[in-house]
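A closer look at the structure
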There are 2 protein chains.
Amino acid sequence: MIDLSLYLVLDPILCAEKGMVQTAIDAVEGGATVVQLRAPDWKKRAFYDCAVELKKALKPYGVPLIINDHVDVAIAVDADGVHVGQKDLPAAVVRAMIGKDKILGLSVSNVQEAIDCDTSIVDYIGIGPIYTTSTKPDAAPPMGLGGFAAAAAHCSLPNVAIGSVKAKDIEPLAKAGCNGIAVVSAICGQADVKKAAFDLKTAWNHAIESKDR
Amino acid sequence: MIDLSLYLVLDPILCAEKGMVQTAIDAVEGGATVVQLRAPDWKKRAFYDCAVELKKALKPYGVPLIINDHVDVAIAVDADGVHVGQKDLPAAVVRAMIGKDKILGLSVSNVQEAIDCDTSIVDYIGIGPIYTTSTKPDAAPPMGLGGFAAAAAHCSLPNVAIGSVKAKDIEPLAKAGCNGIAVVSAICGQADVKKAAFDLKTAWNHAIESKDR
């Protein structure tokens, strides 16, 4: 299974100045372990062109590229996986298209969705939003740490916590059963992207060490 | 090759009252020869669910279902084809994904795009907008009849004319080398969808007869 510990979700608006690809590279050099391309407002050609560039840029680092929603683009660029939400294509339909070897992630925003997740089809779940998020206007209500723990407890798959997760939230999340943090604004658009990723990764490593102690 | 003579492009807003599937059925009973699902603002699940229903509804009529933009949905529901615009996935990429037996259409809005169209990959082109359209906010400038004729003359593929095409426009379009008309508002949202389709189809048949005479 992939290392979910620091999962970057790219945001076109926050990345406008530095660019999606450079943000991804800097974040990976700082410690990001997964990169997801998410750009729901982009036309498919721009999305595809960016996916092609990201795949090329990430290859030397061995960091997987996950495509949000657009399974066609994932297939076209031979991405490492797909991430879908509850309003995107059904997980079983996606799995049938991408084959058994690709990574498939599913967003879960409450306990029922965690229970309903088919663990024979999906590889990991994204649980959130933990806190109020500004980067996803149509997000479900924030779950908080308790909501996260409840959802995580109802699904045996590895998970990432998403939704305004900051360095200070990492230790309690790790204690609540979190396998990684998915971040948008904590990395995208930061003045020093590499340092932002490094600080989050360091906080994650400390949290895991202190949890295991 | 498919019969392009009356090509219906479904519009979610105009079809809101009657529904996409019922509009398609009524239009086909009136004479529509192709149905395209186009809903750029819909989430992928809603789009997929509608495509599944449309495929089932159109099957008894033998009328092809074409999916706009979302190749993943076209593959998932085994649709008859895909239609892409210049800002969607490249035609060659789509062809590689859907295989050689599916229909592939491409939108063309000027002579250069008609020239650039790879006739070994694409099956038909949609030329337009002919006139100012209200159903596609990001459409290119209207081409008029002269613009249509010029684009059609520069591409050997069958074509449909699109963009506020009404019954009165059919005869001059047919004379200018048109193989069919693609309509949105001339069918979607009309009080009597079946009659609207029938009247357009009748006008098309008359235009072809008068052209051949």
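What comes next concerns the included structure. Just so we're clear, the structure is a prediction, and the values are computed from it rather than from any experiment.

On to the sheet that holds strand β8 (residues 181-183) of chain A, then. Backbone hydrogen bonds are what pair the strands of a sheet, in a parallel or an antiparallel way. All names here are of chain A. Here 8 strands make up a closed barrel; going around it, the order is β1-β2-β3-β4-β5-β6-β7-β8 and the pairing parallel. Between one strand axis and the next, the sheet turns by 25° as a mean value, whatever way the strands run. The pairing of strand β1 (residues 6-10) with strand β2 (residues 34-37) spans 4 bridges and is classified as parallel. Opposite Val9, over in β2, you have Gln36 as the bridge partner. Relative to β1, helix α1 (residues 20-30) is tilted by about 170°, and along the sheet it contacts β1 and β2. Packed on one face of the sheet, helix α4 (residues 91-98) meets β4 (81-84) and β5 (103-108) and runs near 165° to β5.

Residue and element names in this part refer to chain B. The 8 strands are arranged β1-β2-β3-β4-β5-β6-β7-β8 in a closed barrel whose pairing can be described as parallel. Strand-to-strand twist in this sheet, taken as the mean axis angle between neighbours without regard to direction, amounts to 25°. Sheet strands touched by helix α1 (residues 20-30): β1 (6-10) and β2 (34-37). Its angle to β1, the strand with the most contacts, is close to 170°.

For the rest of this paragraph, the subject is the interface of chain B and chain A. Chain B puts 20 residues into the contact, and the matching count from chain A is 20 residues. Buried surface at the junction of chain B and chain A, summed over both partners, amounts to about 1,800 Å²; 62% is from carbon and sulfur atoms. On the chain B side of the interface with chain A, the three residues burying the most area are B:Lys44, B:Arg45 and B:Asp72, jointly 31% of the side's total. Remark: the boundary between chain B and chain A carries 4 salt bridges. The closest approach of N and O atoms between B:Asp88 and A:Lys43, which form a salt bridge, is 3.8 Å. Counting across the interface, chain B meets chain A through 13 residue pairs in polar contact (both at pLDDT 80 or more). Secondary-structure elements contributing two or more residues to the side of chain B that touches chain A are α2 (44-58), α3 (71-77) and α4 (91-98) of chain B. It is α3(B) that provides the largest number of residues to the side of chain B that touches chain A, a total of 5 residues. Taken together, the residues of the side of chain B that touches chain A break down into 9 nonpolar, 3 polar and 8 charged.

Here we come to the nonpolar core. Grouped together as the largest cluster of nonpolar side chains are 159 residues, with contacts concentrated most on A:Ile181 and B:Ile181. Once residues within four sequence positions are removed from consideration, A:Ile181 is found in contact with A:Leu4, A:Ser5, A:Leu6, A:Tyr7, A:Val160, A:Ala161, A:Val165, A:Ile170, A:Leu173, A:Leu200 and A:Trp204.

Residues and elements named next belong to chain B. Inspection of the secondary structure assignment puts Gly126 in strand β6 (residues 124-127). Since its relative accessible area comes to 5%, Gly126 is described here as buried. With 18 residues separating them along the chain, Gly126 and Val108 place their C-alpha atoms 5.9 Å apart. Setting aside residues no more than four positions away along its own chain, Gly126 makes contact with His83, Leu106, Ser107, Val108 and Val160.

Residue and element names in this part refer to chain B. Considering all chains together, one arrives at 2 aromatic pairs over all chains under this definition. Look at Tyr7 and Tyr124: their rings are 5.7 Å apart centre to centre, the planes differ by 55°, and that puts the pair in the tilted class. Note that Tyr7 is positioned in strand β1 and Tyr124 in strand β6, a separation of 117 residues in sequence. For Tyr7, a relative accessible area of 1% translates into the label buried. A cation over a ring is seen here: Lys168 above Tyr131, with NZ or CZ 5.9 Å from the ring centre.

Moving on: the relation of the copies chain B and chain A. Least-squares fitting of chain B to chain A yields an RMSD of 0.0 Å, with the superposition described by an axial translation of 0.0 Å and a rotation of 180°. Such values leave the two copies arranged in the relation of a two-fold axis. Of the C-alpha atoms belonging to chain B, the one lying closest to the rotation axis is found on B:Asp72, 2.3 Å away. Interface overlap between copies is the fraction of interface residues in one copy that are interface residues in the other; for chain B against chain A it reaches 100%, indicating a shared surface.

A:Pro129 follows A:Gly128 through a cis peptide bond whose omega is 5°. Considering the arrangement of structural elements, one finds A:Pro129 in the loop between β6 (124-127) and α6 (144-153). Phi at B:Asp69 is positive, roughly 75°, even though this residue is not glycine. Looking at where B:Asp69 falls in the secondary structure, it is placed in the loop between β3 (65-68) and α3. Phi is positive for B:Asp78, close to 55°, though the residue is something other than glycine. For B:Asp78, a relative accessible area of 42% gives the class partly exposed.

So, how was this worked out
- Residues numbered from 1 in each chain as written.
- Chains lettered and ligands numbered in written order.
- Predicted model: local features only at pLDDT ≥ 70, side-chain atom pairs only at ≥ 80, totals over all residues.
- Heavy atoms only, no water.
- Pairing = 2+ DSSP bridges.
- Helix = DSSP H or I, 4+ residues; strand = E, 2+ residues; numbered from the N terminus.
- Axes fitted to C-alpha atoms, helices over the stretch in contact; angles between N-to-C directions.
- Contact = heavy atoms within 4.5 Å.
- Buried area = accessible area lost by both parts, 1.4 Å probe.
- Salt bridge = Lys/Arg side-chain N within 4 Å of Asp/Glu carboxyl O.
- Polar contact = N/O pair within 3.5 Å; in protein donor to acceptor, adjacent residues only side chain to side chain.
- Nonpolar A, V, L, I, M, F, W, Y, C, P; charged D, E, K, R; others polar.
- Core = buried A, V, L, I, M, F, W, Y, C linked by side-chain atoms within 4.5 Å.
- Buried < 20%, exposed > 50% of the residue type's maximum accessible area, 1.4 Å probe, protein only.
- Phe/Tyr/Trp six-rings, centres within 6.5 Å; stacked < 30°, edge-to-face > 60°.
- Lys NZ or Arg CZ within 6 Å of the ring centre and 35° of its normal.
- Least-squares fit on C-alpha atoms with pLDDT ≥ 70 in both.

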